[in-house]
Amino acid sequence: MKGRIFSGVQPTHTLHLGNYLGAVRNWVRMQKEYECIFCVVDMHAITVFQDPAELRHNTREVTAAFMASGIDVAHSVIFAQSQNRVHAQLAWILNCVARVGWLNRMTQFKEKAGKDREAASVGLYTYPVLMAADILAYRATHVPVGEDQKQHLELARDIVQKFNTDFGLDCLVSPEPVIGGPAARVMSLRDGTKKMSKSDPSDYSRINMTDDADTIALKLRKAKTDPETLPGTDVLDEKGLVKAEAEAARPEAFNLLAIYAALSDQPVAAVISDFAGKDFAGFKRELTDLAVAVLGPIGAEMKRLLDHPGEIDKVLANGAARARALSEPILKEIEEAVGFLPS
Ligand code: AMP
Ligand code: TRP
């Protein structure tokens, strides 16, 4: 094994194609090389108000998405953050290590809090410290995250350094970010310059992992394109990558081609050479067949699991027990380092 991976997803929405291609599918692949811990971060979710019934549903739905996508629960740990109290306990200690000045620099807080910062929850402010606790409680070595989480990971590394210096120990381990891979960014189906996102008001902007075949077909048929035919291989540079100017000129076309490449596990150059000069209608039909072939079985398995929530809850309970067994001894060492008496 190359190390220990920890990653998390907030149960605030139904996962979409961007989450699948940009995160979950990569995690499925990393299971072979790393010891993996995947967490449904419900404590992060409540930093902004969540309807309790919806939160419960979304926690199970994200778990079902992990399971249906091929996270092997016999091997990897899947659990809900609130089911392991270590996260909250370690977060408190780390709150006393992190500096207000560090948190004041976090761009995501500024974005999420918006203009009325005074009205944001204290939890939203200290969100990155809880995220550091998630990772450091397991001495995770690698953390696959999106570009937007890089700053939070830097903060976790700063916390490690200050903690280890303050207490003169190597108690905490600095995690490395793992960013990207092909199709690291799936763009909106309505606007190729915007990321496919849970917060886009139009459901036509994204394909959800729970969408059925008809919905996928409809969304792809309505996906924005341009009046030209599909580009030829002249848009590729010597490395076989799409030239930036070409992509900027036709963002929607290249997004659909990139989605096709990711779903079929081919380099984008191969897809471009197959469809060069063809029209969008035929390409969209083939993309629909491919998307349905990949996502259909995952969506169906998610639905089956959600009809049997007991199965999901059992996986979470088992995951939480394993998560506790891994993190409790680490928390004990940290508490001892800080000067707490044994509990
Ligand atoms: P979020 O949905 O923003 O909570 O993100 C959960 C995970 O999915 C993170 O690792 C993100 O980087 C990834 N992700 C979210 N949206 C996209 C997207 N449009 N393309 C690629 N990855 C994404
Ligand atoms: N903040 C992350 C996001 O919104 C989710 C998250 C919470 C996370 N804890 C984590 C990701 C620990 C990686 C490691 O995407």
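The structure presented is a predicted model; accordingly, all values stated were derived computationally and were not measured.

Just checking my understanding: could you explain the pairing of strand β3 (residues 77-80) for this structure?
Along a regular strand, successive side chains alternate from one face of the sheet to the other. Alternating positions in β3 separate into two faces, Val 77 and Phe 79 on one and Ile 78 and Ala 80 on the other, with burial throughout. As paired elements, strand β2 (residues 35-40) and β3 share four bridges and run parallel to each other. Each bridged residue has a counterpart across the sheet, and for Cys 39 the counterpart in β3 is Phe 79.

Is there a simple way to think about empty space enclosed by the protein in this case?
Regions of empty space are outlined by a rolling probe, equal in size to a water molecule, passed over the atoms. Counting across every chain of the model gives two cavities of 30 Å³ or more. As a volume, the largest cavity reaches approximately 50 Å³. Around the largest cavity, the lining residues are Gln 108, Phe 109, Lys 112, Leu 124, Tyr 127, Pro 128 and His 152. Breaking the lining of the largest cavity down by element, the ones donating at least two residues are α6 (107-113) and α7 (122-136). In terms of residue class, the lining of the largest cavity is made up of four nonpolar, two polar and one charged.

What's the story with the environment of Pro 177 in this structure? I'm lost.
Along the polypeptide, Pro 177 turns up in strand β5 (residues 176-178). In sequence terms Pro 177 and Gly 8 are 169 residues apart; their C-alpha atoms lie 13 Å from each other. Those residues in contact with Pro 177, other than ones at most four positions away along the chain, are Val 143 and Leu 153.

Can you help me understand a positive patch on the surface in this one?
A cluster of basic residues, Lys 112, Arg 185, Lys 195 and Lys 198, forms a positive patch on the protein surface. Its location among the elements puts Lys 112 in helix α6. Residue Lys 112 is classed as partly exposed on the basis of its relative accessible area of 39%.

Mind showing me how you'd approach the pattern of salt bridges here?
Applying the stated criterion to the full structure yields 18 salt bridges. Of the charged contacts in the structure, one is a salt bridge between Lys 194 and Asp 200, with a shortest N-O distance of 3.9 Å. Judged by its relative accessible area of 43%, Lys 194 is partly exposed. What emerges from the salt-bridge pattern is a single network uniting Asp 203, Arg 206, Asp 211 and Lys 219.

Got a minute to help me understand the site of ligand 2 in this structure?
Taken together, the neighbourhood of ligand 2 is formed by 13 residues, with Gly 8, Tyr 127, Met 131, Asp 134 and Gln 149 sitting nearest. Within the side chain of Gln 10, a nitrogen or oxygen atom sits 3.5 Å from an oxygen atom of ligand 2. Here a nitrogen atom of ligand 2 sits 2.9 Å away from a polar atom, N or O, in the side chain of Gln 149. Taken by itself ligand 2 offers 370 Å² of open surface, and the protein chains cover 89% of this. Taken together, the elements giving at least two residues each to the shell around ligand 2 come down to β1 (4-9) and α7. In terms of residue count, α7 provides more of the shell around ligand 2 than any other element does, four residues in total. Grouping the constituent residues of the shell around ligand 2 by class yields seven nonpolar, five polar and one charged.

Parameters and conventions
- Residues numbered from 1 in each chain as written.
- Chains lettered and ligands numbered in written order.
- Predicted model: local features only at pLDDT ≥ 70, side-chain atom pairs only at ≥ 80, totals over all residues.
- Heavy atoms only, no water.
- Buried < 20%, exposed > 50% of the residue type's maximum accessible area, 1.4 Å probe, protein only.
- Helix = DSSP H or I, 4+ residues; strand = E, 2+ residues; numbered from the N terminus.
- Pairing = 2+ DSSP bridges.
- 1 Å grid on protein atoms, 1.4 Å probe; cavity = no way out; pocket = protein on both sides within 12 Å on 5 of 7 lines; lining within 4 Å.
- Points joined across faces, edges and corners; volume = space filled by probe spheres on them.
- Nonpolar A, V, L, I, M, F, W, Y, C, P; charged D, E, K, R; others polar.
- Contact = heavy atoms within 4.5 Å.
- Patch = residues over 30% accessible without salt bridge, like charges linked within 9 Å, V, L, I, M, F, W, Y side chains within 5 Å.
- Areas by Shrake-Rupley, 256 points an atom, 1.4 Å probe, with all protein chains shown as cover.
- Salt bridge = Lys/Arg side-chain N within 4 Å of Asp/Glu carboxyl O.
- Lys, Arg positive; Asp, Glu negative; His and termini not counted.
- Charge placed at Lys NZ, Arg CZ, Asp CG, Glu CD.
- Near = heavy atom within 4 Å.
- Polar contact = N/O pair within 3.5 Å; in protein donor to acceptor, adjacent residues only side chain to side chain.

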